[in-house]
Amino acid sequence: MELRVRDLACARGGVPVLEGVSFTLSSGEALVLRGPNGSGKTTLLRTLAGLQPPLAGEVSMPAEALAYGAHADGLKATLTVEENLSFWAGVYGTRDIATALAAFDLEDLRERAAQNLSAGQKRRLGLARLLVTGRPVWALDEPTVSLDTASVALFADAVRAHLKKGGAAIIATHIDLGLDARVLDIGGFRAKQREAGAFDEAFL
Amino acid sequence: MIRLVLRDVRLAVRAGGGFGLGLAFFLIVTVLVPFGVGPEGAVLTRIAPGILWVGALLACLLSLDRMFALDWEDGSLDLLATAPVPLEGVVAAKALAHWLTTGLPLVVAAPLFGLLLNLSGPGYVWLVVSLALGTPALSVIGAFGAALTVGLKRGGLLLSLLVLPLYVPTLIFGAEAVRRGAEGLSVETPLLMLAGITAGTLAVLPFAAAAALRVNLR
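The rules behind these values
- Residues numbered from 1 in each chain as written.
- Chains lettered and ligands numbered in written order.
- Predicted model: local features only at pLDDT ≥ 70, side-chain atom pairs only at ≥ 80, totals over all residues.
- UniProt positions renumbered as here; feature names shortened; annotations may be inferred.
- Helix = DSSP H or I, 4+ residues; strand = E, 2+ residues; numbered from the N terminus.
- Buried ≥ 20, exposed ≤ 12 C-beta atoms within 10 Å, placed from the backbone.
- Contact = placed C-beta atoms within 7 Å.
- Core = buried A, V, L, I, M, F, W, Y, C linked by C-beta atoms within 7 Å.
- Pairing = 2+ DSSP bridges.
- Axes fitted to C-alpha atoms, helices over the stretch in contact; angles between N-to-C directions.
- pLDDT = per-residue confidence, 0-100.
- Nonpolar A, V, L, I, M, F, W, Y, C, P; charged D, E, K, R; others polar.
- Expected span 1.5 Å × (residues − 1).
- Bend = angle between axes of the 7 residues up to and from the residue.

The name an unreviewed UniProt entry assigns to chain B is Heme exporter protein B, from the organism Tranquillimonas alkanivorans. UniProt's Sequence similarities (unreviewed entry) comment on chain B is quoted here verbatim: "Belongs to the CcmB/CycW/HelB family." The annotation that UniProt attaches to chain B under Function (unreviewed entry) is "Required for the export of heme to the periplasm for the biogenesis of c-type cytochromes."

As annotated in an unreviewed UniProt entry, chain A is Heme exporter protein A from Tranquillimonas alkanivorans.

The following block contains the structure:
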């Protein structure tokens, strides 16, 4: 399993933000994306996840290898922790949610509706979703927002376990997770101004 | 995909899910019309097929803007788009869930509302049949409109304006089937047209809606 990115350029809202991004990520490796606000970390991750097409360059990885963790956790407020998680397990065709609940210390909250969780607990549930996807590459956007130090440690442990099992992770974050990870500062790939595309470009 | 349908139905029947909203609206329309038009039975019998169909259509319209907007807001639409489910399947599942929570209750409750409007005897069967055939099209067309307007603030207005003209053929043939049925005429032609519209929209619009979603997710 290898994720290879070559000369990738991507845009947000029709404005190019990144160009010439190249890296490879193989099994057992983690890559930490750094860069100031607005430098295109989210855009890069969304492009990798296939939510938006790249302007140029290519991304090569095995089909259906990537699990995307966005800013929003995608939780349904009126469903319980267990229902939320088993929904995603069902979508990804896996069954086991107990491991994920245990990894993020959510067992006591099983029956609690997601609307009654604290911000940090919601985040932990959102991250537990990654474990039930069973996918090898995690692309995570600011995963530690609203987590306390203990939960950050839980998260780092989960990532470490994932890497040990041959997975890979690409994480946009500002804090030090204590992972043995390469750091990619994407501030250096800022796209130069270029002439605007046709007005209907976004639709084609 | 079945999971998605089950989840949406479950969300709809939980608190604040909007189940029953369409039904309540339908009830309000059919209760208010006799007050507005007057108690004359003959007049009500004449307008009943049209009013029932218009009421059902507007009731369907009421819950459309929630179809994708809620998933968009909490980020699950992004996650569904990256999940191993085709987006066309997501659209179909959401339309089915919408029909189960809005269209189906309307179909079931329609005879009762027909009574309030003094619908004539043989019309009841055709009211149920035409609604059962026609409301799936309303949900699928609505899913297309919802996919086009997802991510827009207050997209509900635009959604209604986009979707209403597409609802017109279903309304015409649906109401016509009930009218003919109530008068004891042959209902074959309008029912076939209605079924044709439903089959056509079911076949085409999930793909169009998925394409619209992909553009809106960028």
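S.K.: Describe the overall build of chain A, listing the residues and the values that go with them.
M.R.: Scanning chain A from N- to C-terminus turns up five helices and eight strands. What you see in chain A, going N to C, is helices and strands ordered as β-β-β-α-β-β-α-α-α-β-α-β-β. By its C-alpha atoms, chain A is 55 × 35 × 30 Å across when sized along the principal axes. Burial status across chain A gives 43% buried among its 204 residues. Contacts in chain A between residues at least 24 apart in sequence constitute 76% of all its contacts with a sequence separation of at least 6.

S.K.: Run through the overall build of chain B, naming residues and quoting values.
M.R.: For chain B, the count of helices and strands is nine helices and zero strands. Of the regular secondary structure in chain B, the N- to C-terminal order runs α-α-α-α-α-α-α-α-α. Here the C-alpha coordinates of chain B stretch approximately 55 × 35 × 30 Å along the principal axes. Expressed as a percentage of the 218 residues in chain B, the buried residues total 49%.

S.K.: Describe the nonpolar core, listing the residues and the values that go with them.
M.R.: Among the nonpolar cores identified, the biggest contains 125 residues, and Leu85 and Ala139 of chain A together with Leu52, Ala56, Ala143 and Ala147 of chain B are the most heavily contacted of them. Each residue touching Ala143 of chain B, except ones within four places of it in the same chain, is listed here: Met67, Val91, Lys94, Ala95, His98, Leu205 and Ala209 of chain B.

S.K.: Let's hear about the sheet that holds strand E1 (residues 2-12) of chain A: which residues, and what values?
M.R.: Neighbouring strands of a sheet are bound in pairs by backbone hydrogen bonds; such pairs are parallel or else antiparallel. Residues and elements named next belong to chain A. A sheet is described by the order of its strands in space; here three strands give the open sequence E2-E1-E4, paired in antiparallel fashion. Either end of the sheet is taken by a strand with one partner, and the two such strands are strand E2 (15-26) and strand E4 (56-60). The average undirected angle you get between the axes of adjacent strands in this sheet is 20°. Where E1 and E4 come together, four bridges link them in antiparallel fashion.

S.K.: Describe in detail the confidence of the model for chain A, supporting the description with residues and values.
M.R.: With 94% of its residues at a pLDDT of 70 or more, chain A has an overall mean of 85. Within chain A, the element-level pLDDT minimum falls on strand E8 (residues 182-185) of chain A, averaging 85, and the maximum on strand E7 (residues 168-172) of chain A, averaging 90.

S.K.: Which residues make up the interface of chain A and chain B, and what values go with them?
M.R.: Across the boundary between the two partners, chain A contributes 21 residues, which contact 20 residues of chain B. A total of three residues in the side of chain A that touches chain B trace back to one element, the largest contributor, which is helix H2 (residues 81-91) of chain A. Residue composition of the side of chain A that touches chain B, grouped by class: twelve nonpolar, six polar and three charged.

S.K.: Describe in detail the pairing of strand E6 (residues 137-141) of chain A, supporting the description with residues and values.
M.R.: Residue and element names in this part refer to chain A. Buried residues dominate E6, accounting for five of its five residues. On E6, burial covers both faces: Val137, Ala139 and Asp141 on one face and Trp138 and Leu140 on the other are all buried. With four bridges joining them, strand E5 (residues 66-69) and E6 adopt parallel strand pairing. Its bridge partner being in E6, Tyr68 is matched across the sheet by Ala139.

S.K.: Please set out the sheet that holds E7 of chain A residue by residue, giving values where relevant.
M.R.: Residue and element names in this part refer to chain A. The five strands lie next to each other as E5-E6-E7-E3-E8, forming an open sheet whose pairing is parallel. Strand pairing shows two members of the sheet lacking a second neighbour, E5 and E8, which therefore form its edges. On average, each strand axis in the sheet is tilted by 15° relative to the strand beside it, whichever way the strands run. Against the sheet, helix H4 (residues 119-133) touches E5 and E6, its axis set at about 170° to E5. In the packing of helix H5 (residues 149-164) onto the sheet, contacts are made with strand E3 (30-34), E6 and E7, and the angle to E7 comes to roughly 145°.

S.K.: How would you sum up the UniProt feature "transmembrane region" (unreviewed entry) in chain B? Please name residues and give values.
M.R.: Residues and elements named next belong to chain B. Feature annotation in UniProt assigns "transmembrane region" (unreviewed entry) to the following positions: residues 12-37, 43-64, 96-117, 123-150, 157-178 and 190-213. The distance from the first to the last C-alpha atom of residues 43-64 is 32 Å, and the span holds 91% helix and 0% strand. Taken end to end, residues 157-178 is 100% helix and 0% strand, and its two terminal C-alpha atoms sit 29 Å from one another.

S.K.: Could you give an account of helix H7 (residues 123-149) of chain B, naming the residues involved and the relevant values?
M.R.: Residue and element names in this part refer to chain B. The end-to-end C-alpha distance of H7, which contains 27 residues, comes to 37 Å, matching closely the 39 Å that a straight helix rising 1.5 Å per residue would cover. The largest bend along H7 reaches roughly 30° and is located at Gly134, with the proline Pro136 sitting one to four residues downstream. In terms of burial, H7 is a largely internal element, 22 of the 27 residues being buried. The positive-phi residue at the C-terminal boundary of H7 is Gly151, with phi of around 90°.

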